[in-house]
Amino acid sequence: MTTVTATSPATADTSMEQPSGLTLFLRYLNRNRGLAVGVVILIALVLFTVIGLITINPKQAYPLSVATKQPPSLKYPFGTDFFGRNLLAAMVVGMWQTAVIGVIAGGLGTLIGVVLGFTSAYFGGWIDSTIRTVCQILTPIPVLLIQVVVAGSLDKRDVTIFTMALIVVMLAWMGPTLVIRAQVLTMKERQFVSVAKLSGVGDIAIIFKEILPNLLPFIAAAFVGQVFSAVFASFYLAVLGLGPLREPLLGNIIWAAQLQGAFFNGWWWWPIAPSIGMILILASLALINMGLDELANPRVRKTE
Amino acid sequence: MSNLLEIRNVTKVYQRGLLSAHAKVALKEFNLILPENDPSILTVAGESGSGKTTLAMLVLGFITPTTGEILYRGKNITTLRGAERMAYRREVQAVFQDPFAVFNPFYTVDHLLTVPIKQFKLAKSGKDARNKMDEALTAVGLRPEDVLGRFPHQLSGGQRQRINVARALLLKPKLLIADEPVSMVDASLRANILESLKNLHRDHGVTIIYITHDLTTAYHVADTITVLYRGDVVEKGDVETVIRNPQHAYTRLLVDSIPWPNLDQKWGQHSVRSKESQAEFHA
Amino acid sequence: MNFKLIAKRLSFLVLVIWAASTIVFFVPRLSPRNALRERFAELARSGGFAPGDIEKLIANMNQQFGLDKPLLEQYWTYLGNIVRMDFGYSLNRYPATVTDIISQALPWTFFLLLFTTILSFIIGNLLGAISAWPKSPRWLRGIATPFVLLTGVPPVIMGVLLLFFIGFRLKLLPLGGPYSIGIVPNWSWEFALDVLRHQMLPALALILGSVGGWVLSMRGMGVTIQGEDYVNFAEHKGLTGGRIFRDYYLRNTLLPQVTGLALALGTLVTSALVVEQLFGLPGLGQVLNNAIRSNDFPVIYGIVLFITIAIAVLMAVLEFIYPLLDPRVRNQ
Amino acid sequence: MNLATTENASSRNAAAAAGPILRVEDLVVTYYTDLGRARALDNVSFTLEAGMKMGMVGESGSGKSTLALAMMRMIKPPGRIEGGHVWVGGTDLQSLNDEGMRKARLSKIAYIPQGAMNSLNPVTRIGEQMVDAIKSHLSGESRQAINDRCVWALKSVDLDPGVFHMYAHELSGGMKQRVCIAIGILLRPEVIIADEPTSALDVVTQRQVMETIDKVQDELNSAVILIGHDMGLMAQTMDRVAVMYAGRLVEVATVREMFTDPKHPYSQALISSLPTLENRGQFKGIPGLAPSLLRLPSGCAFHPRCPLASDRSRSEKPKVNVLPGGRLVACHIYDQES
Amino acid sequence: QSPLAATAPKEIAPATPLPEVPRNQTVVLGWGVALSSPIGVTNPWALPGYTHQEGNAFMWEPLMYFAIFKGEYVPWLADSMEYTDDTFTALEIKLNKDAKWSDGTPVTSKDVKFTFDGQLNNSKLPYNAHFTQFVASTDIVDDLTVKVNFKAPAPRFKFEVLTEKFDTGIPIVPADYLSSKPDVNMEPGSIDIPHSGPYDLKAWNGNQKIFDYRPDWWAVKAGRIAEPAVKRVIIANITGVSMDTVAQRVVNNEFDSALDMRSSVIGNILAQNPEITTHTGSESPFGYLDWWPNSLWMNTQLEPYSDPKVRRAMSLVINRDVINDILYEGAPIATIYPFPLYPNLQAFADSPAVKALEEQYQPRKFDTEESAKLMGEAGFTLNGDGLWEKDGKTIDATIQGFEGIHSDIVPILVEMLRQGGFDAAINFGPDAYQNMADGKAGLYMFGHGASLYDPFEALNLFHGKYSEAIGTSAGNNRFSRYKNPEYDEILDSIAPLSSDDPKFQEGAAKALGIYWRDQIDIPIIQWLHRIAYNQHYWKNWPTAANPAMGTNGAFWAHTGLLVITSLQPSGAQ
Ligand SMILES: Nc1ncnc2c1ncn2[C@@H]1O[C@H](COP(=O)(O)OP(=O)(O)OP(=O)(O)O)[C@@H](O)[C@H]1O
Ligand SMILES: Nc1ncnc2c1ncn2[C@@H]1O[C@H](COP(=O)(O)OP(=O)(O)OP(=O)(O)O)[C@@H](O)[C@H]1O
Ligand SMILES: [Mg+2]
Ligand SMILES: [Mg+2]
């Protein structure tokens, strides 16, 4: 019998350096132009908001602060509206508030979805059937209605962008829950979970350390979906006369412009700026989401 | 009372899907005793779908028997709790069939080795851990600096399978279930890996259940063999005897179909072209 | 053996309907608002009433609608009525029943939704598949992007823009309403054509807004199918790109999308809610919108229940026909 | 149709005399990865006559599948064919336009993929998948002729024609593999490449599949390349064996020569590592590791593991020596013999 | 189930195709249809559900109309309607001899008595409160003469109740038809109900309502009016359709008129189609004065609005000039009165007594410093956000309002209040009215639908007898819940007096002084109806330059019948 011994390597340089994370990320972006565009837009929006918040006078985001109905000019790059808001200031503040609603609602909705989805799928049994049944029952119910009723029942001063976000979350967790649950179900059948068990890893650690990281693309997708519905829901609530109407939320500005017949009156700049803002926010997220698809499926990664 | 593992009359029935009313009997009234003081290598062989992996999963406690029981050191494995359970987890290890699925794609391959070291406190220090890993990897013919720090998809199937074996070597369990550990590697690597397993058995007294459909390697590695056919044990015994002198018709076909890398030993005369090979063999 | 399955699905359906009706019953009542009073307020505001004691009227009406009974008693009556598909009377349009109102509004909504769902499903999935298909020409792949961008535009804004430019400025299509003013609905080709013309803009607004969603999800599906061995093997077989796209790629990616159809309908209903309003279509959306604005309980819950049941039934139906589409899950 | 397909497989020698049906010349493939360029095929050349079966072995990752895909011109990004030619019966595949290559696939050169389990479209019937393959190449074929072809192909692989109406999930692994073979032979190609058609199957099914390939090949007189790592299988079924190592072809020989007298040190080690009935319990693996394609050792890629390595093999890439009898060996030891 | 449910049609479709009526004999009006009223309900006594808007006013006629811009009564079914003495305790009505129902039977005393007795005895009818307060009995003198006897002096009963103007007043209903019904409130009426007006209902669904002219209309023969040129009226549904889309349809000559427009839109309608005109032609403010001046109402029983200092402080931060500038291009719309300045009321406002009080209380004043001083006196301090605060709480100054009509003014008020340190916000939710009626929130944007001719009804809104405790529902327009014996005494003393009585003028001025002194609410704007009149097909819309019948131009109001029947074709095809 021969024993196997590794002969010492003759070539000196054998270990290959993994390129740094940043390099890999940049290369990934280069291959995924959509993702790159999404990231660039997002960064631009963040910069716009951050620099804006530092430089503009937030008072001008509210009515009666500047001359009314001014078309875009050097002084007012986005123009001013019927009520005498500087639309640049309104956009900065509105973008920020819209982002807050989106992120809070998206974050919370996703968090609930992740927690319930994991609990449901990982532990199975009656927990699973309860959570799943509740989700499936609630899914066909039009969410907006419930949101409208709740928003309408609150004291107006309690309707802030934060409560708006919570209202949106209230019935928006089922989607992520079901998606995450389905993913965990397939994930937990994967053998690396068995291996982790064999390695003495406990249930909780398996959930957080083995399964969760792999679901990040799905969680990100759920998050994006939540942000979408949050931003849209805040818009619909504005349409129904609910929500914090004084705040320059993008949806509120758009709807105010609509109520004053902005297009008909030739004040085209009034609805345009917030609409583009909204499109950019949501589209950048959609593009990023599209880019993440590839991450979720190693088979189609264009490189090893 | 010093049986490491005892499988008593275990039957496993899969209820396939929600939509289907059909049940699949994957393993039927299986019995096995592995004594503690006499470690051996046992081969479980059989065609695809004959219940080999099912047996492995049962022993590892990942699925529960439909009927019958599996005793580890005299205790039913489903009832193990606390320290006993930890010991069972520690002492019964596996090399899984699919060398890709066992890696968590999120982590580098180190994860597979560092986690058990940490969980079972196998090393006193980081340096000690690293030494142990290096040792195990070298034993399966891998250069640690070559594989550590890489992601699973950056390694070849053979490399992945060997890291799995390295993990088993590192843990030095009491019972190792190796499910097709060499199915994806070429002949020379196959020799290397089996060699390492054999060494583990010899040097550390590890009992190994070697699962395969490849009777050539089974013949070389194992002491005894159990042949499964559609969940039934059709033949069991000393490997030399069974392969050289198979009794059951199915075993005969199996042995006959071994493609020996020997030009003088042609594939047998049994015609297996009979329609879809659906000829039934009864235990 | 399939009976058990059908029974299971049906009982689940009943559960969904019960849960939905309960939610729909209690949630509006948690609100401290009073539908009747708001109804009279509306009349008073628009001048229909002289200042007078509306409280007495309200009490009268409460009694008439059974709203003065204990909540639980109302609930039981309500559940009993639902079993008989009786959603009661509209508070605002009394003596019209909710069922009347739904049956009048439904055809408009049904037509619009059917039209737009099918079209956006087809367009969106095709574009999504094309954009994920590595072999499709660059320019074709680019087409999907604007649609994805459009998902960020609220349907109302889309509608306003379409109305303004196509309807008002270009005068290509009518500015709203279900059919031309003064025409009495009848069974004639002219009328059908007229209706179609009036449906174009609202449908366009809905389609433009919802295509992007399909593009996104289809793209996601497409990407996962790309590496599949059977797609590769199809190439090895020397099939033309078009055939691979159609028979190997599209057919497999489209399957899971079908499941999404029922759910998509749910979100589309929400969009239709505002779009119908904007275009003056007397569909469920407009009715629901008005009911929400005037807190007309019975109509709100009638319509919401109706939509919920419709979606739940649709989901159940899809679950049943899915095996017909996908041989893999077909019953043995 | 050319000679090879119309001719009956009466005599292999006759076919061989007509010259090789497949000629691969200096094929080079590179994968551009994050870690650098991986040369997966390094100037691979060989020839194969009609009616011959050649096994292709080598360590995992040595470039066997890449070679097959390169011959089909199906290397996908980040890989690229950097050079070389593949001649099939007088046509240079590299010179064809995309449409020409599409037509050539399956009709001149067919590829039976590695994972037959997943290679069939799960939602269409087997028949449809066969028919569309035929229609893509022979647009004028009548319904009847198409049907006949399919029935013939299914019968050739010992499948019941009823399979025509079945779905992939209704078939066993071996059946699926045979369906893939049936599809591969539909147009009677001159060259058939089968990539590990049996590695996922148990021995009994393996044997069935191999016998099927054998029979089909007898009928078509095509040249067959069988990729695999099971030396036993090679010994049992092949005429010739080619050994790959790190993207290069290191030896091509007849089966008998290979098993009795391997020339290249790597082949020698490979053969000696084989288990037989006689050497029970002895393991002779090749020590050391396969090199990374990204950092190939200088000179002969095998030299770090080679017991016979010389200074020359450390610095100079060995060229392919043609030994008497058409044997190819890429090793400095045989430089003078050729 | 109820008979109304059984008989109300779901849709009214003509059995035979309607005759073709060319566009130039048709008037198309944009308005809400069948979304707040049930289809088929044409009986004015059907409840709930009847509205005179949506074209039903074209079917029903009153005893008299009032031409607000001429300041005179327009005799209609009645030839005359006079108080029999100057204590205002009885009223004699003489009907026109030609007046007929659509079934050919004459309108007689019986119908008038039936109408009045119904209002008196049927508590569901909208004027029941008025009748029970004032009316003792209704006597038939002869076929064409009716006498109403009052319990107490009722100098305003003839104008407020019996005369139709804007959206108030009662129509006369057919006694024979309704008395044959088991429950008059449950009878929908549909198309069969005999009516005296000139248009017959022909078709009605959720999308439109079609009325056709009835050539045997009595009023032409009686010489009340010339033969109308409008042969068909179509009310097209625009519920929920956005304002600018409605505007676009008016511009495109699709609509001849539509509901009133917001100030921002109306100017552009004129700019885009020169054929369109408004009450003031093409000059700002484009509208006529409605009877509905809007105030910021406050619940005077609720902290801190119970403190007149706070109310005054709020008024002081409202800059009425800015409102005029931003919303009305400088037109003087912002107001300080709780009543509309119709000719008679303008005279009252200009009287020396009122002028002196205005000088004294300065209701128009904008002075943030004084406001701050008052707030300091009321115990408030400014917090870090620049908002008034007491006990750590800011003032809940959420304005309850209605998006459809207040989306321009309320955001501006909110901002003015915030700049003055009041924690203001907007509620346009469907619960806004509820909050007003319940007195839960403190601030409401709402009109005073009361005075048209003299200031009494407007001032009477703040009478202590209507001051309900918080929690019980305040009647419509009684949101102040104000109680002041001094004020009540003045009102009680002038109630029996005719408005041209000097004592009345004196008392009314005193009451208005208290309204300003106590700042019972904050008057903000007069209410304008800016209605677009498209002259492409039809001329002779009532405008300032062409008073026509002297009524306002709202086709949906009771007087809409006079507007439509007076239209003249423009000659367009
Ligand atoms: N989770 C499961 N659900 C249902 N059926 C299963 C499941 N796992 C395995 N089976 C079925 O049980 C039988 C035995 O499967 P098992 O995986 O044990 O076979 P095996 O001998 O390991 O085969 P292979 O050689 O292909 O790995 C097969 O028919 C398989 O289809
Ligand atoms: N898409 C790819 N991107 C980068 N490198 C690749 C890619 N595909 C293959 N390779 C590399 O090319 C080399 C040859 O791979 P190939 O699949 O041809 O090997 P093989 O001989 O078929 O191996 P096996 O026996 O495992 O199938 C390997 O080192 C592999 O890592
Ligand atoms: Mg297995
Ligand atoms: Mg390969």
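Attention here is on the structure that accompanies the text. (Residues numbered from 1 in each chain as written. Chains lettered and ligands numbered in written order. Predicted model: local features only at pLDDT ≥ 70, side-chain atom pairs only at ≥ 80, totals over all residues. Heavy atoms only, no water.)

**Some remarks on the overall build of chain A**
Item 1. Per the secondary structure count, chain A includes 12 helices and 0 strands.
Item 2. For chain A, the α and β elements follow one another from N to C terminus as α-α-α-α-α-α-α-α-α-α-α-α.
Item 3. Counting over 304 residues, chain A shows a buried share of 58%.
Item 4. Here the contacts in chain A between residues at least 6 apart in sequence split such that 70% fall between residues at least 24 apart.
Item 5. Total accessible area computed for chain A in this model is approximately 11,700 Å², and 70% of it derives from carbon and sulfur atoms. (Helix = DSSP H or I, 4+ residues; strand = E, 2+ residues; numbered from the N terminus. Buried < 20%, exposed > 50% of the residue type's maximum accessible area, 1.4 Å probe, protein only. Contact = heavy atoms within 4.5 Å. Areas by Shrake-Rupley, 256 points an atom, 1.4 Å probe, with all protein chains shown as cover.)

**Side note on the overall build of chain E**
Item 1. Looking only at helices and strands, one finds 20 helices and 26 strands in chain E.
Item 2. Here the C-alpha atoms of chain E give a radius of gyration of 24 Å, agreeing with the 25 Å that 2.2 N^0.38 yields for 573 residues.
Item 3. Taken along its principal axes, the extent of the C-alpha atoms in chain E is 75 × 55 × 50 Å.
Item 4. By residue count, 67% of the 573 residues in chain E fall in the buried class.
Item 5. Within chain E, residue pairs in contact and separated by at least 24 positions form 72% of the contacts whose partners lie at least 6 positions apart.
Item 6. Counting 45 positive and 69 negative side-chain charges, chain E places the centres of these two groups 3 Å from one another. (Rg over C-alpha atoms; globule rule 2.2 N^0.38 Å. Lys, Arg positive; Asp, Glu negative; His and termini not counted. Charge placed at Lys NZ, Arg CZ, Asp CG, Glu CD.)

**What to know about the interface of chain D and chain B**
Accessible area lost upon the coming together of the parts is a frequently used measure of interface size.
Item 1. Each side of the interface is counted separately: chain D has 49 residues, and chain B has 57 residues.
Item 2. Taken together, the two surfaces of chain D and chain B that pack against each other cover about 4,600 Å², and 57% of this comes from carbon and sulfur.
Item 3. With a closest N to O distance of 3.9 Å, Asp256(B) and Arg207(D) form a salt bridge.
Item 4. Put simply, chain D and chain B have 1 residue pair in polar contact (both at pLDDT 80 or more) between them.
Item 5. Listing elements by their share of the side of chain D that touches chain B, those giving two or more residues are helix 7 (173-185), helix 8 (203-220), helix 9 (231-237), helix 10 (255-260) and helix 11 (265-272) of chain D.
Item 6. When residues of the side of chain D that touches chain B are assigned to their parent elements, the largest contribution, 9 residues, is made by helix 8 of chain D. (Buried area = accessible area lost by both parts, 1.4 Å probe. Salt bridge = Lys/Arg side-chain N within 4 Å of Asp/Glu carboxyl O. Polar contact = N/O pair within 3.5 Å; in protein donor to acceptor, adjacent residues only side chain to side chain.)

**Looking at the sheet that holds strand 22 (residues 522-525) of chain E**
Residues and elements named next belong to chain E.
Item 1. The mixed open sheet is built from 5 strands, whose spatial order is 20-19-21-15-22. Two strands in the sheet have a free side with no partner beyond their single neighbour: strand 20 (424-427) and strand 22. Recorded for the sheet is a direction-independent mean angle of 30° between the axes of neighbouring strands.
Item 2. Inspection of the sheet shows strand 15 (residues 294-298) paired to strand 21 (residues 443-447) by 5 bridges, in the antiparallel sense. By the bridge assignment, Met298 is partnered in strand 21 with Leu443.
Item 3. Strands in contact with helix 9 (residues 308-316) are strand 15, strand 19 (397-400), strand 21 and strand 22; relative to strand 22, the strand with the most contacts, it is inclined by about 20°. (Pairing = 2+ DSSP bridges. Axes fitted to C-alpha atoms, helices over the stretch in contact; angles between N-to-C directions.)

**Quick look at the site of ligand 1**
All names here are of chain B.
Item 1. Residues in close proximity to ligand 1 total 14 residues, the closest being Ser48, Gly49, Thr53, Thr54 and Gln97.
Item 2. Contacts to ligand 1 include Ser50, whose backbone N or O atom sits 3.2 Å from an oxygen atom.
Item 3. Here Thr54 contributes a side-chain N or O atom positioned 2.5 Å from an oxygen atom of ligand 1.
Item 4. Bound to the protein, ligand 1 loses 69% of the 640 Å² it would expose on its own.
Item 5. Tallying contributions element by element places helix 1 (residues 52-60) first for the shell around ligand 1, with 3 residues.
Item 6. The residue inventory of the shell around ligand 1, partitioned by class, reads 2 nonpolar, 7 polar and 5 charged. (Near = heavy atom within 4 Å. Nonpolar A, V, L, I, M, F, W, Y, C, P; charged D, E, K, R; others polar.)

**A word on empty space enclosed by the protein**
Item 1. Scanning the model with the defined rule gives 16 cavities of 30 Å³ or more in all.
Item 2. Taken as a whole, the second largest cavity encloses approximately 430 Å³ of empty space.
Item 3. Around the second largest cavity sit 36 residues that line it, and Arg190(B), Asp214(B), Thr216(B), His229(D) and Asp230(D) are the ones nearest its centre.
Item 4. Where the lining of the second largest cavity is concerned, the elements lending two or more residues are helix 7 (187-204), strand 8 (207-212) and helix 8 (215-221) of chain B together with helix 8, strand 8 (223-227) and helix 9 of chain D. (1 Å grid on protein atoms, 1.4 Å probe; cavity = no way out; pocket = protein on both sides within 12 Å on 5 of 7 lines; lining within 4 Å. Points joined across faces, edges and corners; volume = space filled by probe spheres on them.)

**Describing the interface of chain A and chain E**
Item 1. On the side of chain E, 36 residues touch chain A, which itself brings 26 residues to the contact.
Item 2. In this assembly, chain A and chain E are joined by 1 salt bridge.
Item 3. Taking the shortest distance from any N to any O, the salt bridge between Glu415(E) and Arg246(A) comes out at 2.9 Å.
Item 4. Connecting chain A to chain E are 8 residue pairs in polar contact (both at pLDDT 80 or more).
Item 5. Looking at the side of chain A that touches chain E, the elements with two or more residues in it are helix 10 (216-239) and helix 11 (250-259) of chain A.
Item 6. Looking at which element gives the most residues to the side of chain A that touches chain E, the answer is helix 11 of chain A, with 3 residues.
Item 7. Its residues assigned to classes, the side of chain A that touches chain E comprises 14 nonpolar, 7 polar and 5 charged.

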